[in-house]
Amino acid sequence: KDAASVILTDDNFATIVKSVANGRSIYSNIKSSIRFLLSGNTSGIIAVLYSSIMALPMPFAAVHLLFINLLTDSLPAIAIGMEKSSRDLLKDKPRGKNESILNKDFLLGLGVEGVLIAIFTIIAFYLGNPMKTPLTASTMAFATLCLARLFHGFNCRSDLSIVKIKLGTNKWIIGAFAIGVILLLGVLTIPPLKTMFMIENLDIMELVKILALAFLPTLII
């Protein structure tokens, strides 16, 4: 046992296959959670930088970003970490023992996803007319970014499309999405929360625009 690289605790060699599958699944889920968190934060950073460069009002208040990071981001990240293992993982080539999680392809992918979400967030900001009605614009940008990141959680479950991995195979991500949407609706509609989070009243058309803009990055990805 001291000299062995692998120790079997039973008399079944299939345990080796299961161990490799479990190890790859854990590693894949860690990467997926990191992808979700970093791509979402990248989109927020890009939106703020763009507003600063263009001399526009800030698209988010500090409390908006705290809400997104602490409440609506944490649950999907945990749910992604509970994704079930796939047999397809065993078809991949073994990764190098010194390979970094944040390799070139991974960083490029999350960068592209972050830019996409940022673009649609900025569009929502402009639709709210930041120069004339900055509070409305900020509300639309905040709601779009928050909802877009909730949708993006489904994409981050796997490198495969949602259609292939099927929506209902991870009940935790569905629950996290539902809770996130409920929390967002509460902030947008409950008067005390609206005051706390500096939220402007939105009409039906503005809510429809937010929903469409938030979903489009996930559809493209």
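The present account deals with the structure reproduced in this document. Since we're looking at a predicted model, the values are computed, not measured. All residue numbers here refer to positions counted from 1 along the written sequence of the relevant chain. Local features are withheld for residues below a pLDDT of 70 in this predicted model, meaning they are given only at 70 or higher, and side-chain atom pairs are given and counted only at 80 or more; totals for whole chains, interfaces and linings count all residues. Each side-chain value is worked out from all heavy atoms of the structure, with water and hydrogens disregarded.

**Points about the overall build of the protein chain**
Under the convention used in this document: Working definition: helices are DSSP H or I runs of at least four residues, strands are E runs of at least two. Numbering for both runs from the N terminus. The buried label applies to any residue whose accessible area, calculated with a 1.4 Å probe on protein chains only, is under 20% of its type's maximum; exposed applies above 50%, and partly exposed to all values in between. Here, residues are in contact when the closest pair of their heavy atoms is within 4.5 Å.
Broken down by element type, the protein chain carries nine helices and zero strands. Reading the secondary structure of the protein chain in the N-to-C direction produces α-α-α-α-α-α-α-α-α. A buried classification covers 40% of the 221 residues belonging to the protein chain. Taking the intrachain contacts of the protein chain between residues at least 6 apart in sequence as the baseline, contacts between residues at least 24 apart amount to 79%.

**Concerning the layout of surface pockets**
Rule in force here: A 1.4 Å probe that fits but cannot get out identifies a cavity on a 1 Å grid over protein atoms alone, an open set with protein on both sides within 12 Å along at least five of seven lines counts as a pocket, and a residue lines either if it has an atom within 4 Å of a point. Grid points are joined across faces, edges and corners, and a volume is the space filled by probe spheres set on the points. Lys, Arg, Asp and Glu make up the charged group, whereas Ala, Val, Leu, Ile, Met, Phe, Trp, Tyr, Cys and Pro make up the nonpolar group; the residues left over, Gly among them, are polar.
Each pocket or cavity is described by its volume, and for the largest pocket that value is around 1,100 Å³. What lines the largest pocket is a set of 37 residues, and nearest its centre among them are Ser-28, Leu-89, Asp-92, Ser-158 and Asp-159. Counting residues per element, the ones that place at least two in the lining of the largest pocket are helix H1 (14–53), helix H4 (104–127) and helix H6 (162–165). Here the element with the most residues in the lining of the largest pocket is H1; it accounts for eleven residues. Its residues assigned to classes, the lining of the largest pocket shows nine nonpolar, 13 polar and 15 charged. What the second largest pocket holds in volume is close to 200 Å³. Lining the second largest pocket we find Phe-151, Phe-154, Asn-155, Ser-161, Ile-162, Val-163, Leu-167, Phe-215, Thr-218, Leu-219 and Ile-221. Among the elements of the structure, helix H5 (134–155), H6 and helix H9 (204–220) are those that each provide at least two residues to the lining of the second largest pocket. Among the residues forming the lining of the second largest pocket, the class breakdown is eight nonpolar, three polar and no charged.

**A short note on unusual backbone geometry**
In this model, Ala-55 sits at a positive phi of 55°, which is unusual for a non-glycine residue. Counting through the fold element by element, Ala-55 comes out in the loop between H1 and helix H2 (62–72). For Met-198, which is not glycine, the phi torsion reads 55° and is therefore positive. Examined against the element boundaries, Met-198 turns out to sit in the loop between helix H8 (191–196) and H9. Judged by its relative accessible area of 42%, Met-198 is partly exposed.

**Points about the packing of H5 against H9**
In a pair of packed helices, the angle between the axes and the distance between the axes together describe the arrangement. Our working definition: Axis definition: a line fit to C-alpha positions, over the contact stretch in the case of helices; interaxial angles, taken between N-to-C directions, run 0 to 180 degrees. Handedness of a crossing is defined here by the sense of rotation of the near helix relative to the far one, left-handed for an anticlockwise turn of less than a right angle and right-handed for a clockwise turn.
Where H5 contacts H9, the axes come no closer than 8 Å and their chain directions differ by 40°. Here the hand of the crossing between H5 and H9 comes out right-handed. Contact residues: H5 offers Thr-136, Met-140, Ala-143, Thr-144, Leu-147, Ala-148, Phe-151, His-152 and Asn-155, while H9 offers Glu-206, Lys-209, Ile-210, Leu-211, Leu-213, Ala-214, Phe-215, Pro-217 and Thr-218. Among the residues making up the contact of H5 with H9, the classes are represented as eleven nonpolar, five polar and two charged.

**A closer look at the environment of Gly-81**
Relative to the assigned elements, Gly-81 resides in the loop between helix H3 (74–80) and H4. Given a relative accessible area of 37%, Gly-81 falls into the partly exposed group. Not counting residues within four places of it along the chain, the set of residues in contact with Gly-81 comprises Asn-29 and Ser-33.

**A short note on the pattern of salt bridges**
Where charged atoms of side chains with opposite charge meet at close range, the side chains can pair. Which entries qualify depends on this criterion: Salt bridge, as used here, is a side-chain nitrogen of Lys or Arg placed within 4 Å of a carboxyl oxygen of Asp or Glu.
For the coordinates displayed, the defined rule picks out four salt bridges. For Arg-35, the salt bridge goes to Glu-113, with nearest N and O atoms at 2.7 Å. With a gap of 78 residues between them, Arg-35 in helix H1 and Glu-113 in helix H4 connect regions that are remote in the sequence. If you follow the salt bridges from partner to partner, you end up with Arg-35, Glu-113 and Asp-159 in one network.

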